[in-house]
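Fold and contact review
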Amino acid sequence: MRRKYMRSKAKREQSTPDIGSSIKETTIEKNLNKTVQIFQSLYSFPKNKDVTIRHFHIPALQKDAALLHISTITSAETIDTDILKPLMTINEAAQQIDDLITVPSTSKENKVKTICKKINEGSAAIFIDGEEEAILINVAKFEGRSVEQPQNENVVKGPKEAFNELAQTNISLVRKKIKSESLVAESFTISKRSKNELYVLYISDLVDDKLLANVKKRVQSLNTDSIQNLGILEQYIEERRYSIFPSTLYTERPDRAASFLEDGYIVLVMDNDPACLVLPATFWSFFHSSEDHYLRFMYGNFIRLLRLIALFISVFISAIYVAITNFHSEMIPGDLLLAIIATRDKVPFPGLVEVLLMELSFELIREAGLRVPTPIGPTIGIVGALILGQAAVQANIVSPIVVIAVALSGLSSFAIGDLSMNFAIRLMKFLFIFAAGLVGIFGITALFTVGFFYLVSIKSFGVPYFSPLAPSYQSSGDTIFRRTLQNELFRPGYVKPKDITKR
Amino acid sequence: MGQHENRVGTKELVAIIFIMMGVKVGDDTPPILYDVLKNAAWMGPIIIALLTAVILFVLFKVASAYKQKGLIDIVFHLFGKYLGWIILFVLWLGISAATIIDSSIYSDIIVTMYFPKTPTIIIYLLLMAACTYGAKKGFGQIGSVSWAVFPYITASLIIALVISLRNGTTAFFFPFFGPGEMEVIKESIIKTSILSDYLFLFVFIPFMKDLKSFKKASWIGLILITLILIGGIMSFLLIFDYRSVQMLDYPFHEVIRYIQLGFLTNVETLFFPFWLISSLVRFTVYLYISAVIMGRLFKINNFEYAIPALATVFVFIGYIPESPDYLIFHLRENLLNILTPIFIFLPFILWAVAKLKGDLRREKTN
């Protein structure tokens, strides 16, 4: 079966029509007209409206030339003032073109394929009659947003700039925080047709070479036509595709990326994604937020404690309600039991159905609230949350205590800022509700233990998910709580940094 | 043998030791001691621990002569292929019987105390299914989970015992020596096998970082176990007095129902999950030990794959006794009595044979 699939895949690859693939392998010729013709056919000129070819004469060299660029991704101003103007106006004799134009860097290429690649990335190519090489000048100017505030990972104290969809800007934001020559931004082309560029950022004298090699090997071995952004890339490079737990951290905050880099992690940046991927990720990296360290020791740990409580509430409270009403009514104090029974009196459904009904509506409100157009969003939220909940209770469909439990668990789940972990928690919640419906507290505890065994056994890029807690590694002990900055002496040992001491 | 890079260190082993033996305070171990030692039952753990310390000392002597070799290899080395096989087979029967009987008791605890309407077999199956999953993950993972839950289990146990001690009556201590000094010592020695799990821990030496951390963990673990057993047995005694506590099958669960925390009248909800997690981890370890020894005895290289089958067999054997209240406890007591001589004498025999073979001296000159 597998062999059959491979064979058909090989056949498909053979039959893929690659326009001008034979021309692409050639080098350019001395004859300017021939060269221009090659590129005209490659770029479907003049059908292709934003491809511009400008013929002109260079008086300084006494030669004809042509300039090719894609106008929508290049800066017209630079081309005009720094390239065309000097070339066409300077009359004194010069040996080479570098002496005439006034841009920071140029390069020479003779392979059609490479020239195409550069032009697609925003370079201008100058072909000169009688020359076997084209001159390539980087004049890229892609349109994009400016640097804005983070949308999902908000902080009260700390930097408020977020990544945007331009890799250049994103790398610049990181470099602003790490002014070091060891910060490397290596680039790889990771897709075959769309030629998407991926930047691998790391600090060369900290990162573990084995980890880096592993990451590089994985991003280079992707055999696909297009990878538009990090969300797609994440799914290509992760290890457990069916797991509910994420194994890469997706963050839109450059300060977070920088602090991970400084600990010896690897950061992936791409065009078209207003965030970066941090590898490897542990459970704690999803649990933490950057503000934990910006706030003073006590305040930071206070919000960590709150987040831990929120985590437990959002995972367990509905399940515990189901367990108690179905199995362990003797376990809760008498008055509370009476209160619950009194409200459940008129509800026609069993506890499990009641909770599932309410959880499902909450998830629906949440998902729909996310998709509604912004102007009517708040209205829908109020209708969904307030009126629906109120009416459901009055109609005796659910008991008010269930509304409290579900609302609390829904709200608490927002305390975990990371989107992937948020999903993981919501899915886990349903698993626990079913376990509680089956065998009460025993089901919850057994599932918890099994889940814990799973969590400690999984790895992200060779790093155990629950490290440094279990298995223990040398580190600053930044798990549930953090230490004072002066006592955070070590980089996390599980990423095997070349230099373990921080202070 | 599973996760090689993920070896177990001191912390993790202390946690495993505590969960394997310290948590016995929550099952029917205290009643077994109350039965014979009356109100001097709390002295039992001290005598047992002292004897265990001697046994451990001898075992370490033997183990350090064979660096990084586990109990299985040592037994095969010292007794040869056939006699070694028989000894290990007996040990395997011992640990398997302990797993079956204890898991049967634990599912009975869960059903009688918390799920009176649920069929035992369902609880039992789920219990062993969870343990099977954990055991299949390997020893490194068991160590990690144990270490992660260890602080919470210890804290919940200590809180429960401290609150119950507050409700106790100190007069129940007397007469101090219960049935008499000699009786206390004799009966305690017979029940030494309460800590016989230590013998099986020596199977895990190859899974450890080094022998030093194994030794360290064993001593720390022994102290912790002794303290918690003494504390537990004392507090049950002070609450119920020895006559009524003799009647109770599961004093820990009676105690957490009995005690109150201010306005919270039903605190067992707070303690039950922790006790349950510790039980699950405990049987995971038992199941794993049993599987490791079985793997060597019957030459199953990937013994992890045999764990589900083994667990299924355990469940069906454990489910045979119809009335656990009566039969199982007698089985457990008898098992403890049978295991004691093995636990006490095997280390000395190992040591003697190693000495005769000259392996111990070689270690010294090295």
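Residues numbered from 1 in each chain as written. Chains lettered and ligands numbered in written order. Predicted model: local features only at pLDDT ≥ 70, side-chain atom pairs only at ≥ 80, totals over all residues. Heavy atoms only, no water.

As a further point, take the overall build of chain A. Summing up its helical and strand segments, chain A has 17 helices and 12 strands in all. Relative to the 2.2 N^0.38 estimate, which gives 23 Å for 503 residues, the radius of gyration of chain A is 30 Å and therefore markedly larger than a compact globule would have. By sequence separation, contacts in chain A at least 24 residues apart represent 66% of the contacts at least 6 residues apart. Just so you have it, chain A exposes about 25,100 Å², and 58% of that area is on carbon and sulfur atoms. When the 56 positive and 52 negative side-chain charges of chain A are each reduced to one mean point, those points stand 5 Å apart. (Helix = DSSP H or I, 4+ residues; strand = E, 2+ residues; numbered from the N terminus. Rg over C-alpha atoms; globule rule 2.2 N^0.38 Å. Contact = heavy atoms within 4.5 Å. Areas by Shrake-Rupley, 256 points an atom, 1.4 Å probe, with all protein chains shown as cover. Lys, Arg positive; Asp, Glu negative; His and termini not counted. Charge placed at Lys NZ, Arg CZ, Asp CG, Glu CD.)

Moving on to the overall build of chain B. Along its length, chain B carries 14 helices and zero strands. Each principal axis of the C-alpha distribution contributes one length, and for chain B these read about 60 × 45 × 35 Å. Burial analysis of chain B (366 residues in total) assigns 61% to the buried set. Total accessible area on chain B stands at roughly 14,500 Å², and carbon and sulfur atoms take up 68% of it. Between the averaged position of the 29 positive side-chain charges in chain B and that of its 23 negative side-chain charges there is a distance of 12 Å. (Buried < 20%, exposed > 50% of the residue type's maximum accessible area, 1.4 Å probe, protein only.)

This paragraph deals with helix α16 (residues 400–413) of chain A. Spacing of three or four residues puts side chains on the same side of an α-helix, whose turn is 3.6 residues. All names here are of chain A. The end-to-end C-alpha separation of α16 is 20 Å, in line with the 20 Å expected for 14 residues at 1.5 Å each. Those residues of α16 lying buried are V402, A405, V406, S409, G410, S412 and S413. Taken together, the buried residues of α16 touch α12 (297–326), α14 (351–371) and α17 (419–457). (Expected span 1.5 Å × (residues − 1).)

In this section: the interface of chain A and chain B. Counting residues at the interface gives 26 residues for chain A, matched by 36 residues for chain B. A buried area of about 2,700 Å², summed over both sides, lies between chain A and chain B, and 74% of it is on carbon and sulfur atoms. Considering only the surface of chain A that becomes buried against chain B, M331, F442 and F453 of chain A emerge as the three largest contributors, covering 29% of it. The interface formed by chain A and chain B includes three residue pairs in polar contact (both at pLDDT 80 or more). Considering only residue class, the side of chain A that touches chain B consists of 18 nonpolar, six polar and two charged. (Buried area = accessible area lost by both parts, 1.4 Å probe. Polar contact = N/O pair within 3.5 Å; in protein donor to acceptor, adjacent residues only side chain to side chain. Nonpolar A, V, L, I, M, F, W, Y, C, P; charged D, E, K, R; others polar.)

This part takes up the packing of aromatic side chains. The final tally for this structure, using the stated rule, is 41 aromatic pairs over all chains. Between the aromatic rings of F283 of chain A and Y465 of chain A, the centroid separation amounts to 6.5 Å while the plane-to-plane angle is 70°, which identifies the pairing as edge-to-face. Residue F283 of chain A is found in helix α10 (residues 283–287), and its partner Y465 of chain A is found in the segment after β12 (463–464); the two are separated by 182 residues along the sequence. The residues F283 of chain A and Y465 of chain A share a single accessibility class, namely buried. With a centroid separation of 5.4 Å and 10° between ring planes, the pair formed by Y106 of chain B and W275 of chain B is classed as stacked. Taken together, the residues span a long stretch of sequence, with Y106 of chain B in helix α4 (residues 71–114) and W275 of chain B in helix α11 (residues 268–297) at a distance of 169 residues. Taken individually, Y106 of chain B and W275 of chain B each receive the classification buried, so the pair is uniform in this respect. Its guanidinium or amino end placed over the ring of Y114 of chain B, R257 of chain B lies 5.4 Å from that ring's centre, counting from NZ or CZ. (Phe/Tyr/Trp six-rings, centres within 6.5 Å; stacked < 30°, edge-to-face > 60°. Lys NZ or Arg CZ within 6 Å of the ring centre and 35° of its normal.)

This brings us to the sheet that holds strand β3 (residues 106–109) of chain A. Residue and element names in this part refer to chain A. The five strands are arranged β1-β2-β4-β5-β3 in an open sheet whose pairing can be described as antiparallel. A strand with exactly one partner marks an edge of an open sheet, and here the two such strands are β1 (51–58) and β3. Strand-to-strand twist of the sheet, defined as the mean angle between neighbouring strand axes without regard to direction, takes the value 25°. The pairing of β1 with strand β2 (residues 63–70) spans eight bridges and is antiparallel. (Pairing = 2+ DSSP bridges. Axes fitted to C-alpha atoms, helices over the stretch in contact; angles between N-to-C directions.)

To continue, consider the domain arrangement of chain A. Residue and element names in this part refer to chain A. Assigned domains within chain A: domain 1 (18–138), domain 2 (167–281) and domain 3 (296–463). Contacts between domain 2 and domain 3 engage 19 residues on the former and 13 residues on the latter. A per-residue breakdown of the area domain 2 buries against domain 3 is headed by R240, I244 and F245, which together make up 42% of the total. In this assembly, domain 2 and domain 3 are joined by zero salt bridges. For the pair domain 2 and domain 3, the interface holds five residue pairs in polar contact (both at pLDDT 80 or more). Contributing elements (two or more residues each) for the side of domain 2 that touches domain 3: α7 (209–220), α8 (230–237) and β8 (249–251). Per-element accounting of the side of domain 2 that touches domain 3 gives the leading share, four residues, to α7. Class assignment of the residues belonging to the side of domain 2 that touches domain 3 gives a composition of 11 nonpolar, four polar and four charged. (Domains from an automatic or database assignment. Salt bridge = Lys/Arg side-chain N within 4 Å of Asp/Glu carboxyl O.)

With that settled, the discussion passes to a nonpolar patch on the surface. Residues and elements named next belong to chain A. A cluster of nonpolar residues, F302, L305, L306, I309 and F481, forms a patch on the protein surface that exposes about 440 Å² of accessible area. Along the chain, the position of F481 falls in the segment after β12. Given a relative accessible area of 38%, F481 falls into the partly exposed group. (Patch = residues over 30% accessible without salt bridge, like charges linked within 9 Å, V, L, I, M, F, W, Y side chains within 5 Å.)

This part takes up the packing of helix α3 (residues 44–65) of chain B against helix α13 (residues 327–357) of chain B. Residues and elements named next belong to chain B. At their nearest, the axes of α3 and α13 sit 9 Å apart, and the two run at 30° to each other. Classed by the angle they form, the pair α3 and α13 counts as roughly parallel. As for the relative orientation of α3 and α13, their crossing is left-handed in sense. Contacts from L51, T52, V54, I55, V58, L59, K61 and V62 in α3 reach F343, I344, P347, F348, L350 and W351 in α13. Here the contact of α3 with α13 is built from residues that sort into 12 nonpolar, one polar and one charged. (Parallel < 35°, antiparallel > 145°, perpendicular 65-115°, else oblique. Left-handed = near helix turned anticlockwise from the far one by under 90°.)

Residues and elements named next belong to chain A. All chains considered together, the criterion is met by 30 salt bridges over all chains. Taking the shortest distance from any N to any O, the salt bridge between K63 and E131 comes out at 3.4 Å. Linking K63 in strand β2 with E131 in the loop between β4 (123–128) and β5 (134–138), this pair joins segments that are 68 residues apart in sequence. Residue E131 is classed as partly exposed on the basis of its relative accessible area of 31%. The closest approach of N and O atoms between K498 and D209, which form a salt bridge, is 3.1 Å. Of the two residues, K498 sits in the segment after β12 while D209 sits in helix α7, which places them 289 residues apart along the sequence. Under the relative-accessibility criterion, D209 is labelled partly exposed at 46%.

Attention now moves to the sheet that holds strand β9 (residues 266–270) of chain A. Residues and elements named next belong to chain A. Pairing is antiparallel across the open sheet formed by five strands, whose spatial order is β6-β7-β9-β10-β8. Among the strands making up the open sheet, the edge pair consists of β6 (183–189) and β8. With strand direction ignored, the average angle separating the axes of adjacent strands in the sheet is 25°.

Time to look at the pairing of β9 of chain A. Residue and element names in this part refer to chain A. Of all five residues making up β9, five are buried, and the element is well covered by its neighbours. Residue alternation in β9 divides its side chains into two sets, I266, L268 and M270 and V267 and V269, and both sets are buried. Summarising the sheet, β9 and strand β10 (residues 276–279) pair through four bridges and their orientation is antiparallel. Of the residues in β10, the one forming a bridge with I266 is L279.

It is worth spelling out the environment of N91 of chain A at this point. Residue and element names in this part refer to chain A. Checked against the element boundaries, N91 lands in the loop between α4 (76–89) and β3. Take N91: its relative accessible area is 60%, and that puts it in the exposed class. Between the C-alpha atom of N91 and that of I58, which follows or precedes it by 33 residues, the distance is 8.4 Å. The residues touching N91, leaving out its near neighbours within four places in the chain, are P59 and A60.

Y198, Y288 and L350 of chain B are the most contacted members of the largest nonpolar core, which has 217 residues in total. For this core, the element with the highest residue contribution is α4 of chain B, accounting for 21 residues. Counting only domains with at least three residues in this core, you end up with domain 2 (167–281) and domain 3 (296–463) of chain A. Setting aside chain neighbours within four positions, we find L350 of chain B in contact with L59, V62, L71, I74, V75, L78 and F79 of chain B. (Core = buried A, V, L, I, M, F, W, Y, C linked by side-chain atoms within 4.5 Å.)

Looking now at the side chain of T52 of chain B. Residue and element names in this part refer to chain B. One can find T52 in helix α3. Of the residues examined, T52 reaches a relative accessible area of 0% and is grouped as buried. Apart from residues lying up to four places away in sequence, T52 is in contact with T192, L195, Y198, L222 and F343.

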